[in-house]
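# Understanding the architecture of this molecule
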Amino acid sequence: METKQCERLQSIELTNPVRIVLIGINGVMGRVVANVSKSMKDIEIVAGVDMFGDEVGSVKIYRSLEMIEKKFDVILDFSVAGACEKLIDYVSGRRIPLVIAATGHSKEQLGLIEKASGQIPIFKAANFSLATNRFIRAVAEFARCWDGDIEIIETHHNKKIDAPSGTALVIANRIIDARGFGKIVCSRGNGRREVGEIGISAIRGGVVAGEHEVRFFSDTAEVLMRELEYGKESFAKGALEACKFLIGKDAGYYGIEELIR
């Protein structure tokens, strides 16, 4: 049955571009997404939502979702976590598939998103780069057999709002799951390091698209695993691929692992 559904979805994508509404189209990532979308024939950004600007190229920008007159298939959210409640109300009431690329959500907001996934298909990821997510998988696998200390250092551009990054938190949690123990420490005090701590350090500066470094320490050696993005295009393409992925999906909470598979 899964194979038949995939064949049907592929047919839809080949004959009809997936119509996307991009929230946060005038933001840093929004503009990158809009630019990357031009090279993808099977998708089309039909409208944008932003408080600033009237157009991005030929794409009309609206101040709110309620103002959009065009038909669309899926919403891609590259705005801020603070817009979560209103967005969830909108998509839930209209049964619209939603891809969430915004980060920094509170526990309450994450609860709202999870609840809404019982009614509509929602795709959420801390990082949409397929390369980064394969890196995370490799880190978790290596951590499974490491009994020493582990530290994560993440570096991003000076305009990034949340710290530590959502990706760094995902890496830390995947390490803890793989090892079966541990806790995350985002800001060290004056105390001694405890066994099992996964320390996260955040660096902000310049125009760094994203860099994640995981350092494994023992009494006799150190192993370093590092991943860096050369630009924001990989995040944009992954998010657009997620939009295509959601078409025809049942209600549920989907993540990057499903997309990679």
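Below is a short write-up of the structure. (Residues numbered from 1 in each chain as written. Predicted model: local features only at pLDDT ≥ 70, side-chain atom pairs only at ≥ 80, totals over all residues. Heavy atoms only, no water.)

Take the packing of aromatic side chains next. Counting across every chain of the model gives six aromatic pairs. Each ring, one from phenylalanine 142 and one from phenylalanine 216, has its centre 4.8 Å from the other, and the planes form 75°; the classification is edge-to-face. Here phenylalanine 142, found in helix α5 (residues 130–143), pairs with phenylalanine 216, found in strand β11 (residues 210–217); they are 74 residues apart in sequence, far enough to count as distant. Look at phenylalanine 142 and you get partly exposed, because its relative accessible area is 26%. (Phe/Tyr/Trp six-rings, centres within 6.5 Å; stacked < 30°, edge-to-face > 60°. Helix = DSSP H or I, 4+ residues; strand = E, 2+ residues; numbered from the N terminus. Buried < 20%, exposed > 50% of the residue type's maximum accessible area, 1.4 Å probe, protein only.)

A word on the pattern of salt bridges. All told, the structure shown has 16 salt bridges when counted by the stated rule. The shortest N-O distance in the salt bridge between glutamate 222 and arginine 215 comes to 2.6 Å. Salt-bridge contacts for lysine 244 lead to glutamate 241; the nearest nitrogen and oxygen are separated by 3.2 Å. Placement of the pair is lysine 244 and glutamate 241 together in helix α7 (residues 233–246), with a separation of three residues, close to one helical turn. Using a relative accessible area of 9% as the deciding quantity, one classes lysine 244 as buried. For glutamate 241, a relative accessible area of 22% puts it in the partly exposed group. The network of salt bridges with shared partners includes Asp149, Glu151, Arg188, Arg193 and Glu197. (Salt bridge = Lys/Arg side-chain N within 4 Å of Asp/Glu carboxyl O.)

To continue, consider the side chain of glutamate 213. Checked against the element boundaries, glutamate 213 lands in strand β11. Once residues lying within four places of it in the same chain are set aside, the contact partners of glutamate 213 are Glu151, Ile152, Ile153, Leu224, Met225 and Arg226. (Contact = heavy atoms within 4.5 Å.)

Turning next to the environment of glutamate 69. Along the polypeptide, glutamate 69 turns up in the loop between β4 (59–62) and β5 (74–77). A relative accessible area of 67% means that glutamate 69 is categorised as exposed.

Of all the residues in helix α3 (residues 84–94), the buried ones are Cys84, Leu87, Ile88, Tyr90, Val91 and Ser92. If you follow the buried residues of α3, they end up packed against β1 (18–23), β5, β6 (98–100), α4 (107–116) and β7 (121–124). Arginine 95 lies just past α3 and shows a positive phi near 55°.

What follows deals with the side chain of glutamate 151. Here glutamate 151 is to be found in strand β8 (residues 149–156). For glutamate 151, the side chain forms a polar contact with the side chain of arginine 193, separated by 2.7 Å. Filtering out sequence-adjacent residues up to four positions away, glutamate 151 remains in contact with Arg188, Arg193, Gly199, Glu213, Val214, Arg215 and Phe217. (Polar contact = N/O pair within 3.5 Å; in protein donor to acceptor, adjacent residues only side chain to side chain.)

Checked against the element boundaries, lysine 70 lands in the loop between β4 and β5. With relative accessibility at 41%, the residue lysine 70 sits in the partly exposed group. Spatially, the C-alpha atom of lysine 70 lies 56 Å from that of arginine 193, the residues being 123 residues apart in sequence. The residues contacting lysine 70, other than those within four sequence positions of it, are Val46 and Tyr62.

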